[in-house]
Amino acid sequence: MRVALIHYWLVGMRGGEKVLEQLCRLFPEADIFTHVIDRDRIDDTILRHRIATTSIARLPFAKRHYTKYLGFMPRALEELDLTPYDLVISSESGPAKGVVVKPTATHICYCHSPMRYLWDHYHSYKRELGPVGRVVFGRVAHSMRQWDVSTAARVDRFVANSSFVAERIARYYRRDADIVHPPVDIGRFAPQAGAPDDYYLFVSELVGYKRADLAIEAFRNTPRRLIVVGDGAERKALEKRVSPNIELRGRVPADQLAGLYARCRALIFPGEEDFGLVPVEAMASGRPIVAYRSGGAIDSVVEDVTGLFFDHQTVASLTDALERFEARQAKFDPDAIVRHAHQFSEQAFRDKFAAIVSDELDRRGHAYAR
């Protein structure tokens, strides 16, 4: 059985690419199709596969400015000749699922998120553009939404990375979805013996919806210490708001990040994420989470076992959660937190996804040996 993996673009190793990496381990002979690729930023597990790009890669400066060609991506996907393939797995966050497969092929879509800039984050993205950009993006987004909805019918089975994303698939595409949480390299993290150090930790790219601003405002000019790890467009603005108890570390090496996780009092997670790998990494380090009660955190954090929730993205709500956490901090068991994190391991992802593929192929009358 010939297998094709369709991934929106390969320009770094973030959460979506980590999923693709595990799909490559499941299907070592699969071919990969993507709009653009920067081979210098992609891991060897993916690069060992045959990788073909769409016509987008031939456009000027596509490797850097691929998002500006969003309106050309539907046709580029439909131009791909996938007739040799019996199983097609699309990895969807940017345009990927809109490929045309032969009638006897099985198409499974692993959806990290329906395209945010077309749907729930549309107005936020549009506000960040200039006057001309807003006009162009508005017209492109309108036609892209129609294409995005219509191509959902080309998928035989959807798999979502969280219940939050499954709800959005149901809302926008009117389709049900299985849930397989994305893989986390649990082995990179471990708890430390003894009491944690006296600081809280925030880890994220510094962009608006991650809500670093909320974390900083809740800690500013308080006795609590906060370390912020990450970089991004909002860093300069955030630097103007920090007080002496808040430290912006920027990006740190992987080994330093593991140490910061293991020694913090708790991880602060104030944004709404599709899933969110960072809380799982912190839990694999034995540390509890103080999270906004929305998005993927609802799937990964167990209240009063691996962390606490706050209900509103306000300073008052987050501060109340911190006070509740400090009143019961000693009750959180690092060993129990680590055990919980292991259900999100890479092996768990492969096992669950392989079972869904096998079930779907069996339903459609195809044989598949795992």
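Everything discussed here concerns the structure shown above.
What counts as what
Residues numbered from 1 in each chain as written. Predicted model: local features only at pLDDT ≥ 70, side-chain atom pairs only at ≥ 80, totals over all residues. Heavy atoms only, no water. Helix = DSSP H or I, 4+ residues; strand = E, 2+ residues; numbered from the N terminus. Contact = heavy atoms within 4.5 Å. Areas by Shrake-Rupley, 256 points an atom, 1.4 Å probe, with all protein chains shown as cover. Lys, Arg positive; Asp, Glu negative; His and termini not counted. Charge placed at Lys NZ, Arg CZ, Asp CG, Glu CD. Disulfide = S-S within 2.5 Å. Axes fitted to C-alpha atoms, helices over the stretch in contact; angles between N-to-C directions. Parallel < 35°, antiparallel > 145°, perpendicular 65-115°, else oblique. Left-handed = near helix turned anticlockwise from the far one by under 90°. Pairing = 2+ DSSP bridges. Buried < 20%, exposed > 50% of the residue type's maximum accessible area, 1.4 Å probe, protein only. Polar contact = N/O pair within 3.5 Å; in protein donor to acceptor, adjacent residues only side chain to side chain. Nonpolar A, V, L, I, M, F, W, Y, C, P; charged D, E, K, R; others polar. Salt bridge = Lys/Arg side-chain N within 4 Å of Asp/Glu carboxyl O.

**So, the overall build of the protein chain**
For the protein chain, the count of helices and strands is 15 helices and 13 strands. Referenced to the eigenvectors of the C-alpha coordinate spread, the extents of the protein chain come out at roughly 60 × 50 × 40 Å. By sequence separation, contacts in the protein chain at least 24 residues apart represent 61% of the contacts at least 6 residues apart. Total accessible area on the protein chain stands at roughly 16700 Å², and carbon and sulfur atoms take up 48% of it. Computed over 52 positive and 49 negative side-chain charges, the separation of the two mean positions in the protein chain equals 5 Å.

**Notes on the state of the cysteines**
Enumeration according to the criterion identifies 0 disulfides in this entry. Free cysteine: Cys24, not disulfide-bonded; nearest cysteine sulfur from Cys109 at 16 Å.

**Comments concerning the packing of helix α11 (residues 277-284) against helix α14 (residues 334-341)**
Two elements in contact, α11 and α14, have axes whose closest approach is 7 Å; the angle formed by their N-to-C orientations is 135 degrees. Between α11 and α14, the angle falls in the class oblique. At the point where α11 passes α14, the crossing takes the left-handed sense. The segment α11 lies against α14, with Val280, Met283 and Ala284 engaging Ile337, Val338, His340 and Ala341.

**A closer look at the sheet that holds strand β7 (residues 177-179)**
In spatial order, the strands read β3-β2-β1-β4-β5-β6-β7; together these 7 strands make up an open sheet with parallel pairing. If you trace the sheet from one side to the other, it starts and ends with β3 (51-53) and β7, each paired once. On average, adjacent strands in this sheet sit at an angle of 25 degrees to one another, irrespective of strand direction. Where helix α7 (residues 163-173) meets the sheet, its contacts fall on β4 (87-92), β5 (106-111), β6 (157-160) and β7, and the angle it forms with β6 comes to roughly 140 degrees.

**Digging into the environment of Arg64**
Summarising the element assignment, Arg64 is placed in helix α3 (residues 62-65). Exposure remark for Arg64: the relative accessible area of 70% places this residue in the exposed category. Through-space distance from the C-alpha of Arg64 to that of Asp311 is 38 Å; in sequence the pair is 247 residues apart.

**A short note on the side chain of Thr151**
When you line up the elements, Thr151 lands in helix α6 (residues 131-151). Judged by relative accessible area, which is 0%, Thr151 ranks as buried.

**As for the pairing of strand β13 (residues 307-310)**
Residues of β13 alternate between two faces, with Gly307 and Phe309 on one and Leu308 and Phe310 on the opposite face, all of them buried. Across 4 bridges, the pairing between strand β12 (residues 289-292) and β13 is parallel. In the sheet register, Val290 faces β13, and the bridge partner there is Leu308.

**With respect to the side chain of Thr54**
Looking at the element boundaries, Thr54 is found in the loop between β3 and α3. Among the polar contacts listed, one links the side chain of Thr54 to the side chain of His35, at a separation of 2.9 Å. Apart from the residues lying within four places of it in its own chain, the contact partners of Thr54 are Thr34, His35, Ala76 and Leu80.

**Focus: the packing of helix α8 (residues 212-219) against helix α13 (residues 315-328)**
Closest axis-to-axis distance for the α8/α13 pair is 9 Å, and the angle between their directions is 65 degrees. The hand of the α8/α13 crossing is right-handed. Of α13, the residues touching α8 (which contributes Leu214, Ala215, Glu217, Ala218 and Phe219) are Val315, Leu318, Thr319 and Leu322. Grouping the amino acids of the contact of α8 with α13 by side-chain chemistry returns 7 nonpolar, 1 polar and 1 charged.

**Regarding the pattern of salt bridges**
If you walk through the whole model with that rule in mind, you get 33 salt bridges. For Arg14, the salt bridge is made with Glu205, and the minimal N-O distance between the two is 3.1 Å. With a gap of 191 residues between them, Arg14 in the loop between β1 (3-7) and α1 (15-26) and Glu205 in the loop between β8 (200-203) and α8 connect regions that are remote in the sequence. Note that Asp213 is salt-bridged to Arg211, the shortest N-O span being 2.9 Å. Here Asp213 falls in the buried class, since its relative accessible area comes to 19%.

**Structural notes on unusual backbone geometry**
Of note, Arg174 is a non-glycine position whose phi angle comes to about 60 degrees, a positive value. Tracing the chain through its elements places Arg174 in the loop between α7 and β7. Here Arg174 falls in the exposed class, since its relative accessible area comes to 67%. Phi at Arg211 is positive, roughly 65 degrees, even though this residue is not glycine. Following the sequence through the fold, Arg211 ends up in the loop between β8 and α8.

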